[in-house]
Amino acid sequence: MKYRSTRGGVQGLSFVDSLLMGLASDGGLLVPESIPDVRGNLAAWRQLDFVDLAQAVISEFVDDIPRPVLDELVTRAYAQFDHPDVVGEVHLDNLTLLELFHGPTLAFKDVALQLLGQLYNYVLQQRGEHLNILGATSGDTGSAAIAAVRGQANIDIYILYPDNKVSPLQELQMTTVADSNVHCIAVDGSFDDCQGLMKTIFGDLDFKAQHQLGSVNSVNWARVMAQIVYYGYASLRSPEPANFVVPTGNFGNVFAAYLAKQMGFPINKLAVATNENDILARFFATGEYARGDVHYTLSPAMDIQIASNFERYLFFYFGQDADRLAEFMQHFQQDGKACLDAAPEDGTFMATSVNNDETLAAIAEAHRCHGYTLDPHTAVAYTAAQKLADQLQGPTVIVATAHPAKFPEAVAQAVPGLVPRHNTLDNLAGMPQRKLKVAAEVAAVKGVISG
Ligand SMILES: *Cc1c(COP(=O)(O)O)cnc(C)c1O
């Protein structure tokens, strides 16, 4: 399989090169040059467990790592998950919850990042190279990225976060990791300051090259690829083609579902569930993609106005026409909005947005009616499934993206006195922490990376 950019400036890249490139060098996103049709394999694939299916699906997209090696990397990526099937399925009346939070940091990002960590490690060893990963986090992504590469000899990871502005639990998940290749940098400033620092440092191409800076952000193709697997897996376990309701921020997760459907997995509709940051819900209702103000909600991992993976969907929507896509994105970048002639009609997607009160009501209802505790991100999807029920025929799967114990404040707000627990988090209390406090200045952060 070869990869090309949505903007037309990059073609014929191997998988490994696309892994290392991340964002395409022409500013677009990398996509496979063709989408494999797997319909002929489905009867056999129905019998496979998660890891075997992951090996089969991923090998459709990776032909430049020997298959036995690839299989081993996949096996290792999922060895640390604490569910026997890697992902869990829970049935609440006629809804299925697909639990993707059984990895080391209890959020779905582990599914992709654990594999990315294995892939990077292998490729860097092969090439005799070292990578410095730089990232900024407002909470969830930092710990998942750290868990993916901790202890790897060829990687150092530097995570910037706003000091005193992430939850104590989220900070502990990062700062208690003892491996010496992990560097948690508490910036005296806001999350915007952290992102600004990162952008400036990545923009300094000399520094970037000199220090082999890389990122693990959600535009990396390998992350999307890893996420296709659980949609395939869940769809093959469903008696009829399933609908998926996906709590959505950067559109990476639900785009993987779209690809799974294009590959021929038995998938019906895809529902995009957003919180009050509703740029995507507005797009699917009207065809207008227009930036709004960021709202801070109970589901912070979805507090995103510009969905970085959405460009990949638009590329396919425009019939893989890179010129048309580039024009649309240019409008968006210039004017803060761009429009289709009408609401998109692709027969697959629907969308709705869910506010904080509805999120809390959903947590309370699922607890009362089913004795199940939803995290606030999953609660957004749960509510969206109810709102869209008329349009969702057949079995519906709600994608559960985080363990509720990660968001105890929201849960307690919904159900006073309810305290969701998880051993992994309980064990963090009192562990030694390591962090470097720095001023919100480029020179200070560069100083840490230069050692
Ligand atoms: C990142 C995240 C999301 C959003 O996923 P996208 O791929 O950005 O759409 C949803 N829920 C949780 C818990 C997350 O960490």
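Residues numbered from 1 in each chain as written. Predicted model: local features only at pLDDT ≥ 70, side-chain atom pairs only at ≥ 80, totals over all residues. Heavy atoms only, no water.

Undergrad: Looking at this structure, how should I read the overall build of the chain?
TA: On a plain count of helices and strands, the chain comes out with 19 helices and 15 strands. Here the chain has a C-alpha radius of gyration of 21 Å; the compact-globule value for 451 residues is 22 Å, and the two agree. Judged by the C-alpha coordinates and their principal axes, the chain covers about 55 × 55 × 50 Å. For the chain, the proportion of its 451 residues judged to be buried stands at 59%. A sequence separation of at least 24 residues applies to 74% of the contacts in the chain between residues at least 6 apart. For the chain, the accessible surface area stands at approximately 17,700 Å², while carbon and sulfur atoms represent 46% of it. The chain carries 30 positive and 50 negative side-chain charges, and their two centres are separated by 2 Å. (Helix = DSSP H or I, 4+ residues; strand = E, 2+ residues; numbered from the N terminus. Rg over C-alpha atoms; globule rule 2.2 N^0.38 Å. Buried < 20%, exposed > 50% of the residue type's maximum accessible area, 1.4 Å probe, protein only. Contact = heavy atoms within 4.5 Å. Areas by Shrake-Rupley, 256 points an atom, 1.4 Å probe, with all protein chains shown as cover. Lys, Arg positive; Asp, Glu negative; His and termini not counted. Charge placed at Lys NZ, Arg CZ, Asp CG, Glu CD.)

Undergrad: Would you explain the site of the ligand in this entry?
TA: The full set close to the ligand counts 15 residues, and Lys109, Gly249, Asn250, Asn253 and Thr401 are the nearest of them. Interatomic distance of 3.4 Å between a backbone N/O atom of Gly252 and an oxygen atom of the ligand. Within the side chain of Thr401, one N or O atom sits 2.8 Å away from a nitrogen atom of the ligand. For the ligand, the accessible surface in isolation is 390 Å², of which the surrounding protein chains cover 97%. Of the residues contributing to the shell around the ligand, the split by class is six nonpolar, seven polar and two charged. (Near = heavy atom within 4 Å. Polar contact = N/O pair within 3.5 Å; in protein donor to acceptor, adjacent residues only side chain to side chain. Nonpolar A, V, L, I, M, F, W, Y, C, P; charged D, E, K, R; others polar.)

Undergrad: Please explain helix α6 (residues 140-149) as it appears in this structure.
TA: Since the α-helix turns once every 3.6 residues, residues separated by three or four places project in the same direction. In terms of burial, α6 is a largely internal element, nine of the 10 residues being buried. Three or more residues of α6 are buried, namely Asp140, Gly142, Ser143, Ala144, Ala145, Ile146, Ala147, Ala148 and Val149. Where the residues of α6 are buried, they touch α5 (109-127), β5 (131-136), β6 (155-162), α7 (168-175) and β7 (182-188). Phi for Gly151, located one or two positions after α6, is positive at around 80°.

Undergrad: Teacher, can you tell me more about the pattern of salt bridges here?
TA: Note on pairing: side chains with opposite charge can pair once their charged atoms come close. Scanning the model with the defined rule gives 16 salt bridges in all. For the salt bridge of Glu89 with Arg237, the shortest nitrogen-to-oxygen distance reads 3.5 Å. Taken as a pair, Glu89 in strand β3 (residues 88-92) and Arg237 in the loop between α10 (221-236) and β9 (242-247) lie far apart in primary sequence, 148 residues in all. The exposure class of Glu89 is partly exposed, given its relative accessible area of 27%. Residue Lys435 pairs with Glu171 through a salt bridge whose shortest N-O separation is 2.9 Å. Of this pair, Lys435 sits in the loop between α18 (423-426) and β15 (436-439) while Glu171 sits in helix α7, and the two are 264 residues apart along the sequence. Linked by salt bridges that have partners in common, Asp163, Glu171, Lys435 and Lys437 make up one network. (Salt bridge = Lys/Arg side-chain N within 4 Å of Asp/Glu carboxyl O.)

Undergrad: Sorry if this is basic, but what is going on with the sheet that holds β15 here?
TA: A sheet is described by the order of its strands in space; here five strands give the open sequence β8-β5-β6-β7-β15, paired in parallel fashion. Each edge of the open sheet is held by one strand with a lone partner, namely β8 (213-214) and β15. The sheet contact formed by β7 and β15 spans four bridges and is parallel. Looking at β15, one finds that Ile185 is bridged to Leu436. (Pairing = 2+ DSSP bridges.)

Undergrad: Is there a simple way to think about the sheet that holds β3 in this case?
TA: Two strands in a sheet stick together by hydrogen bonds in their backbones, pointing the same way (parallel) or opposite ways (antiparallel). Spatially, the six strands line up as an open sheet ordered β3-β4-β14-β9-β10-β13, and their pairing is mixed. This sheet does not close on itself; its edge strands, each paired only once, are β3 and β13 (349-353). When strand polarity is set aside, the average angle formed by the axes of neighbouring strands in this sheet is 25°. In terms of strand pairing, strand β10 (residues 267-274) meets β13 through five bridges, oriented parallel. (Axes fitted to C-alpha atoms, helices over the stretch in contact; angles between N-to-C directions.)

Undergrad: Quick question: what am I supposed to make of unusual backbone geometry here?
TA: Leaving glycine aside, a negative phi is the common case for residues, and trans is the common case for peptide bonds. One non-glycine residue with positive phi stands out, namely Leu106, at about 65°. Relative to the helices and strands, Leu106 is located in the loop between β4 (95-99) and α5. On the accessibility criterion, Leu106 (0% relative accessible area) is buried. The backbone phi angle of Gln212 is positive, close to 40°, even though this residue is not glycine. Within the fold, Gln212 resides in the loop between α9 (205-210) and β8. By relative accessible area, which is 41% here, Gln212 ends up partly exposed.

Undergrad: Even after reading the chapter, I still don't get the packing of α5 against α6, so can you show me in this structure?
TA: Axis angle and axis distance: for two packed helices, these are the angle between their axes and the distance between the axes, and together they describe the pair. It is at 8 Å that the axes of α5 and α6 come closest, and there the two elements cross at 35°. Every pair of crossing elements has a handedness; the one defined by α5 and α6 is right-handed. Together, Lys109, Asp110, Leu113, Gln114 and Gly117 of α5 and Thr141, Ala144, Ala145, Ala147, Ala148 and Val149 of α6 make up the contact between the two elements. (Left-handed = near helix turned anticlockwise from the far one by under 90°.)

Structural measurements only, silent on function.
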